[in-house]
Amino acid sequence: MSIEKAYEAARQRYAELGADTEKAIERLSKTAISLHCWQGDDVGGFETSDGLSGGGMLATGAYPGKARTPDELREDIKKAMSLIPGKHRLNLHAMYAETAGKVDRNQLTAEHFAAWIDWAKGNGLGMDFNGTFFSHPKADSGFTLSNADENIRRFWVEHGTACRKIGAAIGKELRTPCVTNLWIPDGYKDIPVDRKGPRERLKKSLDEIFAESIDQNCLLDCVESKLFGIGSECYVVGSHEFYLGYAIRNNVLLCLDTGHFHPTEVVSDKISSVMTFLDEILLHVSRGVRWDSDHVVILSDELRAIAEELVRGDYLERVHIGLDFFDASINRVAAWVIGTRCMLKALLIALLEPTDMLRAFEQSGDFTSRLAMLEELKTMPFGAVWDYYCTKMEVPPAQAWLDEIKAYEKDVLNKRR
Ligand code: RNT
Ligand code: ZN
């Protein structure tokens, strides 16, 4: 059956339930996902040839074709974006500065990202930014902004301050606020005696970094928590409670990384809680698997639940959606495409939900119908709407994108050996 015919049949079925497929597609096309540059080179960056070190993260796998230069990384992101419907954003990390490692992190300025900014501008993309508080000799002790050594703490405060200026310059240049996220690895492998001191120092450091007020039309400050990392199993300074408190008191964004909580906790249940007290948040959409918090995003029940919360709560304008995963065991460009397309599919499914009907069941106490319909909706033909949407946005529908990835692998990635 042609994509148009299948879509028409799906459109009618959704209409019978009171859901408008055209409206859903229209809203989806206006939702930007921030694609994380670090999926393309295993969180390596361009400062040294050592790549990711410390920070409690690990990129595993040796799939050929990893981007070795900024140009290669940009080429790969562009390829990924050509297979994803809609207009999205680029999420850059400070360690992707084009300085050949000659400028230390506390000295970085927007000039060191000029090529990225030009590229984003040329491709009509907004940009987001992140400080890099790991993979650096001054982070080897495992403590950055909460370090008791004043010289080290100061260095990282300077880095955080520099990143805000860079974020503001990016936002100004691209005329869309740059969400500038701060995540630090600080923590202990084993049971600490002093849990309080590092947290007080982190608060002090953040107060210093955020001291200067910057136009929110250019820069949106954001802080990201974590439960534990490799080497920080017993104690993480920047815990969820710590940053939730900080964000509410200081009016900055909170980043909820979906891989940063206990496995029985879900971010889908946290969104409406934190949105009651915060204007805006950032999501790092990821997938935790056992000890890892960074597997490629798939269309899981939890991803769908997150998207449903965003749509039902009318939060799409107030929630910035970024991705955060890295897998070196599969084609890296495909990883971006899979994760981003899944995020968009989850949003589409949520946008196609006949929420008014479900709400009416709930309000009248008819929980039988609520459960029955939630389950019936799972087999509605959203795939037909998705394929139609992809075609309309001039990207390959269904699995057709995979052929393009295979060709890219043969023509470009495999030549990088
Ligand atoms: C680490 C955080 C952080 C990083 C990126 C590379 O646990 O999730 O967001 O993944 O900054
Ligand atoms: Zn994250």
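For the structure itself, consult the block above.
Residues numbered from 1 in each chain as written. Chains lettered and ligands numbered in written order. Predicted model: local features only at pLDDT ≥ 70, side-chain atom pairs only at ≥ 80, totals over all residues. Heavy atoms only, no water.

**A closer look at the nonpolar core**
Grouped together as the largest cluster of nonpolar side chains are 123 residues, with contacts concentrated most on Trp116, Leu145, Leu283, Leu310 and Leu347. A total of 14 residues in this core trace back to one element, the largest contributor, which is helix H10 (residues 332–351). Leu220, Cys222, Leu253 and Leu282 belong to the second-largest nonpolar core, a separate cluster that totals six residues. (Core = buried A, V, L, I, M, F, W, Y, C linked by side-chain atoms within 4.5 Å. Buried < 20%, exposed > 50% of the residue type's maximum accessible area, 1.4 Å probe, protein only. Helix = DSSP H or I, 4+ residues; strand = E, 2+ residues; numbered from the N terminus.)

**Quick word on the coordination of the zinc ion (ligand 2)**
Looking at the zinc ion (ligand 2), one finds its protein donor set to be Glu224 (OE), Asp257 (OD), His284 (ND1) and Asp324 (OD), positioned 2.1 Å from the metal centre. Around the zinc ion (ligand 2), the six donor atoms sit at angles spanning 70 to 167°, and that spread fits a shape best called octahedral. Taken in sequence order, the residues that donate to the zinc ion (ligand 2) follow the motif E-x32-D-x26-H-x39-D. Of the two residues, glutamate 224 is situated in strand E6 (residues 219–224) and aspartate 257 in strand E8 (residues 253–257); the sequence distance between them amounts to 33 residues. Each of the two residues, glutamate 224 as well as aspartate 257, counts as buried. (Donors = N, O, S within 2.8 Å, 3.2 Å for Na, K, Ca; no water. Tetrahedral: all angles 85-135°; square planar, octahedral: opposite > 155°, others 65-115°.)

**Concerning the sheet that holds strand E3 (residues 126–130)**
Strands sit in the order E1-E2-E3-E4-E6-E8-E9-E12 around a closed barrel of eight strands; the barrel is parallel. Put simply, the sheet's adjacent strands are angled 30° from each other on average, direction ignored. Direction of pairing for strand E1 (residues 33–36) relative to strand E2 (residues 89–93): parallel, over a ladder of three bridges. Among the inter-strand pairings, leucine 35 is bridged to a residue of E2, identified as leucine 90. (Pairing = 2+ DSSP bridges. Axes fitted to C-alpha atoms, helices over the stretch in contact; angles between N-to-C directions.)

**Re the packing of aromatic side chains**
Summed over all chains, the structure comprises 12 aromatic pairs. With centroids separated by 5.4 Å and ring planes inclined at 90°, the aromatic side chains of phenylalanine 46 and tyrosine 96 adopt a geometry described as edge-to-face. Here phenylalanine 46, found in the loop between E1 and helix H3 (70–81), pairs with tyrosine 96, found in the loop between E2 and helix H4 (114–122); they are 50 residues apart in sequence, far enough to count as distant. Pair check on accessibility: phenylalanine 46 and tyrosine 96 agree, each one buried. (Phe/Tyr/Trp six-rings, centres within 6.5 Å; stacked < 30°, edge-to-face > 60°.)

**What to know about the site of ligand 1**
The local shell around ligand 1 consists of Trp38, Met57, His93, Trp183, Glu224, Lys226, Asp257, His260, His284, Asp324 and Phe326. Glutamate 224 is positioned such that a nitrogen or oxygen atom in its side chain is 2.8 Å from an oxygen atom of ligand 1. In the environment of ligand 1, an oxygen atom lies 3.2 Å from a nitrogen or oxygen atom belonging to the side chain of histidine 284. Here ligand 1 has 300 Å² of accessible area as a free molecule, and 99% of this is covered by the chains. (Near = heavy atom within 4 Å. Polar contact = N/O pair within 3.5 Å; in protein donor to acceptor, adjacent residues only side chain to side chain. Areas by Shrake-Rupley, 256 points an atom, 1.4 Å probe, with all protein chains shown as cover.)

**Details of unusual backbone geometry**
Notably, aspartate 314 is not glycine yet its phi reads approximately 60°, a positive angle. By the secondary structure assignment, aspartate 314 is in the loop between helix H9 (301–312) and strand E12 (319–323).

**As for the pairing of E8**
Where burial is concerned, most of E8 is hidden: five out of the five residues are buried. Of the two faces of E8, the one lined by Leu253, Cys255 and Asp257 and the one lined by Leu254 and Leu256 are each fully buried. Pairing analysis gives four bridges linking E8 to strand E9 (residues 281–285), with the strands arranged parallel. Directly across from cysteine 255, in E9, lies its bridge partner leucine 282.

**Examining the pattern of salt bridges**
The tally for this structure, following the rule as stated, stands at 26 salt bridges. Across the pair aspartate 207 and lysine 203 runs a salt bridge whose closest N-O atoms are separated by 2.7 Å. Of the two residues, aspartate 207 and lysine 203 both sit in helix H6 (residues 196–209), four residues apart, roughly one turn of that helix. Accessibility expressed as a relative area gives 29% for aspartate 207, which makes it partly exposed. Of the residues examined, lysine 203 reaches a relative accessible area of 36% and is grouped as partly exposed. Between arginine 312 and glutamate 353 there is a salt bridge, with the nearest N and O atoms lying 2.6 Å from each other. Taken together, the residues arginine 312 in helix H9 and glutamate 353 in the loop between H10 and helix H11 (355–363) connect sequence positions 41 residues apart. Residue classification places glutamate 353 among the buried residues on the basis of a relative accessible area of 11%. In the salt-bridge network here, residues are joined through shared partners; they are Arg68, Glu72, Glu75, Asp76 and Arg416. (Salt bridge = Lys/Arg side-chain N within 4 Å of Asp/Glu carboxyl O.)

**What about helix H5 (residues 150–174)?**
Relative to the 36 Å expected for 25 residues at 1.5 Å per residue, H5 spans 36 Å between its end C-alpha atoms, a close match to the ideal helical length. Looking at where H5 begins, the residue whose side-chain oxygen comes 2.8 Å from the main-chain nitrogen of asparagine 151 is aspartate 149. Among the residues trailing H5, arginine 175 stands out with phi positive, at a value near 55°. (Expected span 1.5 Å × (residues − 1).)

**Re the packing of H4 against H5**
Pairs of packed helices are described in terms of their axes, by the angle between the two and the distance that separates them. Where H4 contacts H5, the axes come no closer than 10 Å and their chain directions differ by 30°. Our classification of the angle between H4 and H5 gives roughly parallel. Crossing geometry of H4 relative to H5 is assigned as right-handed. Contact residues: H4 offers Ile117, Ala120 and Lys121, while H5 offers Ile170, Glu173 and Leu174. For the contact of H4 with H5, the class distribution of residues is four nonpolar, no polar and two charged. (Parallel < 35°, antiparallel > 145°, perpendicular 65-115°, else oblique. Left-handed = near helix turned anticlockwise from the far one by under 90°. Contact = heavy atoms within 4.5 Å. Nonpolar A, V, L, I, M, F, W, Y, C, P; charged D, E, K, R; others polar.)

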